[in-house]
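The residues making up each chain are set out below.
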Amino acid sequence: MQRRTLLKASLALTSLGLPAIPAFAKSPIESGPGQPFSFHWLKSKAQKMSRSAYQSPAETLPDTLASLAPLKYQKIVYDWHDALWSSDPKVALRVHFFHVGMHFNTPVRMHDIDPDTGRAHRIPFKPNLFNYDHSGVDPTQLEGHNLGFAGWRLAVKPWGAYVNEVASFLGASYFRAIDKDKQYGLSARGLAIDTDEPGGEEFPDFTQFWFQRPKDGSEQVTVYALLDSPSATGAYRFNIDAGNAQGVIMDISAHVYTRKAIKRLGIAPMTSMYLKGTAQETARDTIYPLMHDSDRLSMWRGNGEWICRPLYNPPTIQFNTFMDENPRGFGLVQRDHDFNDYRDPVTWYNRRPSLWLKPTNKWGKGQIALMEMPTVGETVDNIVAFWIPEKPVTAGRHLHYDYTLYWWPEPPVSPSLAIVDKTWSGMGNVQEGWIPGNRSPDRYARRFAVDFVGSPLDKLPDDANVTVNVSASNGKISYTSTHVMKPINGYRAVFDWMPTSDATTPVTLRAYLVNGSQTLTETWLYQWVPPAPQDRHY
């Protein structure tokens, strides 16, 4: 948890623009014959590593780097005139490297692949590649240290006054990208191991990268990565398209090789932050009405059903799984892009991208997992989603998953039915003439309102018999109603959930709108955790 918090804060520090690249560009690539490279070679290397004992690549950094505070670490800036491919004006992409320091103590080795020979050339760490002004670090003390880098980020033309940064890989196997609104938000990871398991989570590292030089003028680049951890290794290929008008697209091929049995293997994990939303406005006492990088987990199941699971900031860790076979897609989505709903001119949550995953090979049977952790701060990624394969993951396994990630404002696909717009929650079972204090704790109830928008709701006649089909995993539904919402061209479903005892067991609520036998909307799925009796207020 601490590592995730520090990573989120550090990534936030790196999203600022940097000065443009001056004309005296040069290459940081090491000269020499280089080494042969191919994706087949990388997969063979990862598989061979999985058959031997794990050796941690983490190093003890010089004190001047290990003790850096986040704001000081931010001051160490890569000199963009030494960016990868900056010596070739025909290349439309640039790669900048992050310095090791603070909690980034795993050296990441970088390589450039010569497009003519296919051979990989090392990109060595050199202090003169960085500007250390105001960081408190004396670069002369770093001479002779084979430190490697902490990560890298990608930028595209036009350079202008600031570098047009589009993607960042930094810390363990974390990475993220921007959409057309040019704002960072949630993150993805290469692999998750034993998330929410009693023995603690394992964080694999990308320890090496290989960059395939793009074609002249192209905004697409192929990057290869080696993953390593005590339980698994991996060979990854990223085909990154930074030229799409909606945002960055990443085609990923992941080959995972297990060193030992893994209780919970998370494929294609993504992490986000949900502090407060329309259904939890009191989750934190703050001047801003809403605060979240994502507001829902959206799932397009293998059988064609669309499910919207609004995110929740729970009192304790909640872990839920959703069975599926060959899912068509899922993602952590930010549907609300209206600035007036956030009124935050600093972090611009309305500009945060969604992240949609589309499998591009057969994933078979498994589960989409969602973990929600309590948080009172917006610098903590408290939401995690990933795919869990059904078959037990034993030692010596080779797992292959291909998928595409879309860092877009909205997913590239949407239901053919109306979608969930917003979820609202408040005190339920309110009777006419009710006075606070006149209801006993065993009568505690919660009211939910779910707004649905889109076709076919916006085409229904005024006399349509729209009703809500709602169920609860425990307790009972005591009241339901639906209302046409002309201002949003949609409908609102309202219903009360009531407990059948003082139990605080989480309740799963499921609802969708129908017109007779016609299903009108995607399925709204929500988890509500009733407060303990002593915490109930009336």
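Residues numbered from 1 in each chain as written. Predicted model: local features only at pLDDT ≥ 70, side-chain atom pairs only at ≥ 80, totals over all residues. Heavy atoms only, no water.

Visitor: Would you mind going over the overall build of the chain with me for this structure?
Guide: Of regular secondary structure, the chain possesses four helices and 34 strands. Looking at the chain as a whole, 55% of its 538 residues are labelled buried. In the chain, of all internal contacts separated by at least 6 residues, the share reaching a separation of at least 24 is 72%. Carbon and sulfur atoms form 49% of the exposed surface of the chain, whose accessible area is close to 22400 Å². (Helix = DSSP H or I, 4+ residues; strand = E, 2+ residues; numbered from the N terminus. Buried < 20%, exposed > 50% of the residue type's maximum accessible area, 1.4 Å probe, protein only. Contact = heavy atoms within 4.5 Å. Areas by Shrake-Rupley, 256 points an atom, 1.4 Å probe, with all protein chains shown as cover.)

Visitor: Please clarify how the pattern of salt bridges should be interpreted in this entry.
Guide: When the charged atoms of two side chains lie near each other, side chains of opposite charge can form a pair. Scanning the entire structure with this criterion turns up 21 salt bridges. Between R264 and E197 there is a salt bridge, and its shortest N-O distance comes to 3.6 Å. In this pair, R264 is assigned in the loop between strand 15 (248-258) and strand 16 (265-272) and E197 in the loop between strand 11 (191-193) and strand 12 (205-212), connecting sequence segments 67 residues apart. Accessibility expressed as a relative area gives 19% for E197, which makes it buried. Here R301 and E305 are joined by a salt bridge, their closest N and O atoms 3.2 Å apart. What emerges from the salt-bridge pattern is a single network uniting D336, D341, D421 and K422. (Salt bridge = Lys/Arg side-chain N within 4 Å of Asp/Glu carboxyl O.)

Visitor: What am I meant to see in the sheet that holds strand 30 (residues 476-485) here?
Guide: Through backbone hydrogen bonds, the strands of a sheet pair up, either in parallel or in antiparallel fashion. Spatial strand order, 27-28-31-30: four strands in an open sheet with antiparallel pairing. What marks the edges here is a single partner per strand, and that holds for strand 27 (419-427) and strand 30. Strand-to-strand twist of the sheet, defined as the mean angle between neighbouring strand axes without regard to direction, takes the value 15°. (Pairing = 2+ DSSP bridges. Axes fitted to C-alpha atoms, helices over the stretch in contact; angles between N-to-C directions.)

Visitor: Can you walk me through unusual backbone geometry in this structure?
Guide: Trans peptide bonds make up the majority, and among non-glycine residues the majority have a negative phi. Look at the link from S455 to P456: it is a cis peptide, with omega at 10°. Of note, P456 is situated in the loop between strand 28 (446-453) and strand 29 (466-472). At D196, a position not held by glycine, the phi torsion is positive, near 60°. On the accessibility criterion, D196 (36% relative accessible area) is partly exposed.

Without other data, these values stay purely geometric and don't point to any function.
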